[in-house]
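Per-entry structural report
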Amino acid sequence: MKRHFSGLHHVSALSSDIARNHAFYTRVLGLRLVKKSVNQDAPTMYHLFYADGAGSPGSDMTFFDFPRAAREHRGRDSICLTTFRVTGAEALNFWQERLTQHGVQVTRRTVDGRERLDFEDVDGTRLALFDDAGEGPRGVVWEGTDVPAEFQLQGLGFSGVTVGDLPPFQEFLERGLNLREGRGYDDGGTPVHVFEMGEGGPHAELHVAVQPDLPRRMPGAGGVHHLALRVRDEAELLNWQRHLGALGYRNSGEVDRHWFQSVYITAPSGIVIELATDGPGFATDEAPHQLGERLSLPPFLEPQRAEIEAKLRPLNTP
């Protein structure tokens, strides 16, 4: 049986100043804070989830809080770009003006036939907004932002990856994850290979740049820790786990993240890829209209709530 992903599920990055990070993603980009939680493996650190109005799978970017962490040293074998989709040239015009007014340096260019805006967040995380021409899932409108409904971010687009050695990574994508190479393009002299999942589309692609001359990336603030691909349910996730194991790709086994179930794999390039289920979703422990309003903990951490809250730095997230 052929297994396919329906697109990206989320992207998780590192921040050195979670308060500035929260202000940027909610007040500048107009996303909704749908979950205010902690790093489940190190619960003295915040883990914030930003998404569309409903916290839909495929719309969220998450951040781990590493106070005063040094900046990432950029290089190969890394997730180098996170994109969001908007629709139409008018939306790009709106965002170019809005970002500029907020002091964000923006470069507008056409890449792979798509017009886009390149910029960075407050930690130097590389981002882009591009015109998806109305393709891909439509984001749920968030009423708690001043961004007009027609210009709000529709969800994640493709993720950009840089590798030094393409063949082992390509074999992993094609044999392990059942992606297919759809096309290629040149980005300023760098060859980029586009790998598609499922039925494809601007929300279901990985763009792999081959740059063997770059130094190896060193993790830090502004860097992406992992990207996650959408799996329908737990049964499908377990099928993926068995499939990967049969091919000799070691994985984490199933991990219960409370709002979704996950399996983590480290690709031959060292890039971490997560497989994550669409459900049960962020409303499993909070009412839909109250998402992100309180500190949300998975059940195994709930008995430690008082201790965890006492150790967390104050963070105002109205």
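The structure reproduced in this document is the subject of the present report. (Residues numbered from 1 in each chain as written. Predicted model: local features only at pLDDT ≥ 70, side-chain atom pairs only at ≥ 80, totals over all residues. Heavy atoms only, no water.)

1. Details of the environment of N316
Just so we agree on the cut-off: Runs of H or I in DSSP of at least four residues are treated as helices and runs of E of at least two as strands, each being numbered from the N terminus.
Here N316 is to be found in the segment after helix 5 (305-311). Sequence separation of N316 and L177 is 139 residues, and the distance between their C-alpha atoms is 40 Å.

2. Quick word on the packing of aromatic side chains
Quick reminder of the rule: Classification of ring pairs uses Phe, Tyr and Trp, with its six-membered ring standing for Trp, and accepts pairs whose centres are within 6.5 Å; under 30 degrees between planes counts as stacked, over 60 as edge-to-face, and the remaining range as tilted. Throughout, exposure labels follow a simple rule: accessible area from a 1.4 Å probe, protein chains only, divided by the maximum for the residue type, with under 20% read as buried, over 50% as exposed, and the rest as partly exposed.
Following the criterion strictly, the structure yields 12 aromatic pairs and no others. Centroid distance F49 to F282: 5.4 Å. Interplanar angle 65°. Geometry classified as edge-to-face. With F49 in strand 3 (residues 42-51) and F282 in the loop between strand 16 (272-280) and helix 5, this residue pair connects regions lying 233 residues apart in the sequence. On the basis of relative accessible area, F49 is assigned to the buried category, the value being 3%. Pairing F94 with F151 gives two aromatic rings, centres 4.9 Å apart and planes at 25°, and the pair type is stacked. Here F151 lies in the loop between strand 8 (126-131) and strand 9 (155-163) and F94 lies in helix 2 (residues 89-101), a separation of 57 residues in the sequence. An identical accessibility class is assigned to F94 and F151; each is buried. Every member of this aromatic cluster is reached through a ring pair, and the members are F24, Y25, Y50 and F63.

3. Here we look at the environment of R250
The topology assignment puts R250 in the loop between helix 4 (234-246) and strand 14 (255-256). R250 gets classed as exposed once you look at its relative accessible area, which sits at 77%. Residues R250 and A267, 17 residues apart in the sequence, show an inter-C-alpha distance of 9.2 Å.

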